[in-house]
Structure formats: structure tokens, C-alpha cells
Amino acid sequence: MIGNDWDEKLKIIWESEGFKKFWHIVNNEYEQKTIFPPKNYIFNALKLTPYKDVKVVIVGQDPYHGENEAHGLSFSVQKGIKVPPSLQNIYKELYDDLQIPIREDGDLTGWAKEGVLLLNAVLTVVKDTPASHRNLGWERFTDYIIKLVNEKDSPVVFILWGNFAKEKAKLITNPKHLVLTSPHPSPFSARYGFFKSKPFSKTNAYLTKMGLTPIKWERKE
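As the structure is a computational prediction, the values presented were derived from the model and not from experiment.

1. Observations regarding the overall build of the protein chain
Piece 1. Each helix and strand in the protein chain was counted, giving nine helices and six strands.
Piece 2. Relative to a compact globule of 221 residues, whose C-alpha radius of gyration would be 17 Å, the protein chain shows 17 Å and is just as compact.
Piece 3. A burial count over the protein chain gives 54% of its 221 residues as buried.
Piece 4. In the protein chain, 66% of the contacts between residues at least 6 apart in sequence involve partners at least 24 apart.
Piece 5. Just so you have it, the protein chain exposes about 10,500 Å², and 52% of that area is on carbon and sulfur atoms.
Piece 6. Both charge centroids of the protein chain, one from 31 positive and one from 26 negative side chains, sit 4 Å from each other.

Structure follows, in C-alpha cells:
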């Protein structure tokens, strides 16, 4: 399914009757409706960030629901698409935190290749219908992924923005890991504590302290 070490980690899921039934439902959705992201991008976060390379997890809710936006990475959009408001605020905080210039594109593939698992809790959505696949079954799958990362021996920083993401903190029990929380970067909530929260420098400081290479947040590819 993935093409890297996630396949072995998720083998019990791929072979389970429950997932097979769920995958049949997902396939039917793609046949009957316009679903985002494109089917080959559903597991893009796992493909770009192998399990062994995960150093940071940024949890999102569900994919963008507009044409050509979602490509399987939380908060990220495909090249050539206008940067969404939440990502604009993420870039503003990145500049304020680490003085990294604000980018004009919203493709975060470079972060994924740095070891940042950009994981949405729900991996598909019906066109123009936000949260339409919430409670379809994806949450059980992505919670399992978070639990697997929690089991890693090497330290991981979990960045949880907003109340939805903060709910995942209960899955993170390994004392080696760091959990950073703040309000969501959405324009509706960013000014209530997302700005000035400095998640990027805090992440790199922790990784460095634990003997790991910090994230190159300026990386584009």
C-alpha cells in the first residue's frame, strides 16, 4: 500500500477484515462522488515520511475540499494553489519564530521529507463538503498510526494545533516525546495563542537536546 516500512507496521491493519470492509466503502465513495485528495495521494503523508524517519507529527483534521488543493499532507496544498489562510498564519509564525521568509506556495512536501509526518485525522473528503468523511472510519486508522509513533524509541515532537488535535494528546504516553499545543492557526483563533507560540524553534531545540538533527523548516522539496 505504502512502499516503505509503514507497510510492515500496518500489516495487521491491511490484512484485517475491518479495514477491507472500510476500504470497500472508500472505493465506493470515489466511484460515486468527487472525493479529495486524488486516490493516489490518500497515503501521501506515510509515503513521504517513513516510520523510521518520523521526528515530528503535525495533526490536521480533514483534507481541503476544493479542486486541486489536497494532496495527502495536513495543512499543505498542491503547487499553483493559493495558500490557505491557516497556512498563511503558519508561515507568519515561522517567520516570527525563525525568521524564515514567508513562501508564496503552500506545498509542504519538503517538511515531509525532513521527517515531519503531516497527518490528517481523516484522509478523504467529498468535494465542497468539509468534514463529510468524519466518522467514516479514518479516525481509528490514524489513531493507530499515532499510537505506533508513540512506541518509537527515538524522541518525537507532536504539534497539536486546536482542540481537535489536542484530543490526540491522550494517545501520546511515551515520556521520550514532547507534546506542543496551541490554538489552531485559523484566522478565527490564531490571535488567541497560536501567534508567538514558537512551535518551530521549540521543536528544533528539543530535537537538538535529544541528539537528533533539527528540522530544516525552510526546505521546499
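That shown, we press on.
2. Let's talk about the nonpolar core
Piece 1. Formed by 62 residues in total, the largest nonpolar core has its most connected members in Trp6, Phe43 and Phe141.
Piece 2. By residue number, the principal contributor to this core is helix α7 (residues 138-150), which donates six residues.
Piece 3. For Phe141, the contacting residues outside a window of four places in its chain are Leu10, Ile13, Trp14, Phe19, Phe43, Leu46 and Leu123.

3. Remarks on the sheet that holds strand β5 (residues 157-161)
Piece 1. Spatially, the four strands line up as an open sheet ordered β3-β2-β5-β6, and their pairing is parallel. For this open sheet the edge positions go to β3 (116-120) and β6 (178-182), each flanked by a neighbour on one side alone. Each neighbouring strand pair of the sheet contributes to a mean axis angle of 20 degrees, computed without reference to strand direction.
Piece 2. Pairing between strand β2 (residues 56-60) and β3: five bridges, direction parallel.

4. A few points about the pattern of salt bridges
Piece 1. As enumerated under the stated definition, the model contains twelve salt bridges in all.
Piece 2. For the salt bridge of Lys168 with Asp143, the shortest nitrogen-to-oxygen distance reads 2.7 Å. Of this pair, Lys168 sits in the loop between α8 (162-166) and β6 while Asp143 sits in helix α7, and the two are 25 residues apart along the sequence.
Piece 3. For Lys168, a relative accessible area of 9% translates into the label buried.
Piece 4. Each of Lys79, Asp107, Lys113 and Glu221 takes part in salt bridges that share partners, so that together they form one network.

5. Here we look at the packing of aromatic side chains
Piece 1. Using the criterion set out here, one finds 20 aromatic pairs in the structure.
Piece 2. A centroid spacing of 5.8 Å and a plane angle of 65 degrees characterise the contact between Trp138 and Phe141, whose relative ring orientation is edge-to-face. Remark: Phe141 and Trp138 occur in helix α7; sequence separation between them is three residues, near one turn of the helix. Across the pair, exposure class does not vary: Trp138 and Phe141 are buried alike.
Piece 3. A cation sits over an aromatic face here: Lys152 above Tyr51, 4.8 Å from the ring centre.

6. Side note on the pairing of β2
Piece 1. Buried residues dominate β2, accounting for five of its five residues.
Piece 2. Burial along β2 is two-sided: the residues Val56, Ile58 and Gly60 and Val57 and Val59 are all buried.
Piece 3. Of the pairings in the sheet, the one linking β2 to β5 comprises four bridges and is parallel in character. The residue bridging Val57 from the neighbouring strand is Phe158, located in β5.

7. Digging into the environment of Ser201
Piece 1. Mapped onto the secondary structure, Ser201 falls in helix α9 (residues 199-209).
Piece 2. Classification of Ser201 by relative accessible area gives partly exposed; the value is 22%.
Piece 3. Measuring from C-alpha to C-alpha, the distance between Ser201 and Leu94 comes to 8.7 Å, with 107 residues separating the pair along the chain.
Piece 4. Every residue in contact with Ser201, bar those within four places of it in the chain, is listed here: Asp97 and Leu98.

8. A closer look at the pairing of β5
Piece 1. Most of β5 sits out of view: five of its five residues are buried.
Piece 2. Side-chain alternation along β5 places Val157, Ile159 and Trp161 on one buried face and Phe158 and Leu160 on a second face that is also buried.
Piece 3. Here five bridges tie β5 to β6, and the two strands are oriented parallel to one another. Residue pairing for β6: Val157 is matched across the bridge by Leu178.

Thresholds applied
Residues numbered from 1 in each chain as written. Predicted model: local features only at pLDDT ≥ 70, side-chain atom pairs only at ≥ 80, totals over all residues. Heavy atoms only, no water. Helix = DSSP H or I, 4+ residues; strand = E, 2+ residues; numbered from the N terminus. Rg over C-alpha atoms; globule rule 2.2 N^0.38 Å. Buried < 20%, exposed > 50% of the residue type's maximum accessible area, 1.4 Å probe, protein only. Contact = heavy atoms within 4.5 Å. Areas by Shrake-Rupley, 256 points an atom, 1.4 Å probe, with all protein chains shown as cover. Lys, Arg positive; Asp, Glu negative; His and termini not counted. Charge placed at Lys NZ, Arg CZ, Asp CG, Glu CD. Core = buried A, V, L, I, M, F, W, Y, C linked by side-chain atoms within 4.5 Å. Pairing = 2+ DSSP bridges. Axes fitted to C-alpha atoms, helices over the stretch in contact; angles between N-to-C directions. Salt bridge = Lys/Arg side-chain N within 4 Å of Asp/Glu carboxyl O. Phe/Tyr/Trp six-rings, centres within 6.5 Å; stacked < 30°, edge-to-face > 60°. Lys NZ or Arg CZ within 6 Å of the ring centre and 35° of its normal.

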